[in-house]
Amino acid sequence: LGFAFYPDGAHGATWGGEERAEVEEGLLYRVDGNATACGEAGGLDCYEPEFFYPREEWMEKHYTVELTITEAMASRAHGGMLFYFCHIHTKMSGRMG
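As the structure is a computational prediction, the values presented were derived from the model and not from experiment.

S.K.: Can you lay out the packing of aromatic side chains for me, pointing to particular residues and giving the numbers?
M.R.: Counted under the stated rule, the structure contains five aromatic pairs. With a centroid separation of 4.7 Å and 55° between ring planes, the pair formed by Tyr29 and Tyr47 is classed as tilted. One end of the pair, Tyr29, is in strand E2 (residues 27-31); the other, Tyr47, is in helix H1 (residues 44-47), and 18 residues separate them in sequence. Judged by relative accessible area, Tyr29 falls into the buried class, the value being 1%. The exposure class assigned to Tyr47 is buried, which follows from its relative accessible area of 5%. Ring geometry for Phe51 versus Tyr63: centroids 4.6 Å apart, planes at 50°, classification tilted.

So this is what it looks like as structure tokens:
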């Protein structure tokens, strides 16, 4: 799960389009209550790959994401909205308001 300033975040505005800016600050990814500790963007690099495993494997753990929204982040938001999106599948995003 990622967060962005526009729908579909890293996937771009169109199929195969250039990436758009993502929210990369204020994120904390957790697995079984423990903060992940690899890569940038709050540990996404060790959180996301687990969802490529068979569903039965990742269902054995509890995954959460914490997002702290700052004034600076809100001022960059598209029409005052932030969006969540799937890093693995394109065109799977939702609006947060």
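Text resumes after the structure shown.
S.K.: Go over the sheet that holds strand E1 (residues 2-4), please, and point to the residues and values.
M.R.: Pairing between the strands of a sheet comes from backbone hydrogen bonds, and it takes one of two forms, parallel or antiparallel. Taken in spatial order, the three strands make up an open sheet running E1-E5-E6, and their pairing is antiparallel. Since the sheet does not close on itself, it has two edges, and those belong to E1 and strand E6 (93-96), each with one partner. Across the sheet, the mean angle separating the axes of adjacent strands is 30° when strand polarity is ignored. Two strands pair when backbone bridges link them, and E1 and strand E5 (residues 82-85) are joined in this way by three bridges, in the antiparallel orientation.

The rules we used
- Residues numbered from 1 in each chain as written.
- Predicted model: local features only at pLDDT ≥ 70, side-chain atom pairs only at ≥ 80, totals over all residues.
- Heavy atoms only, no water.
- Phe/Tyr/Trp six-rings, centres within 6.5 Å; stacked < 30°, edge-to-face > 60°.
- Helix = DSSP H or I, 4+ residues; strand = E, 2+ residues; numbered from the N terminus.
- Buried < 20%, exposed > 50% of the residue type's maximum accessible area, 1.4 Å probe, protein only.
- Pairing = 2+ DSSP bridges.
- Axes fitted to C-alpha atoms, helices over the stretch in contact; angles between N-to-C directions.

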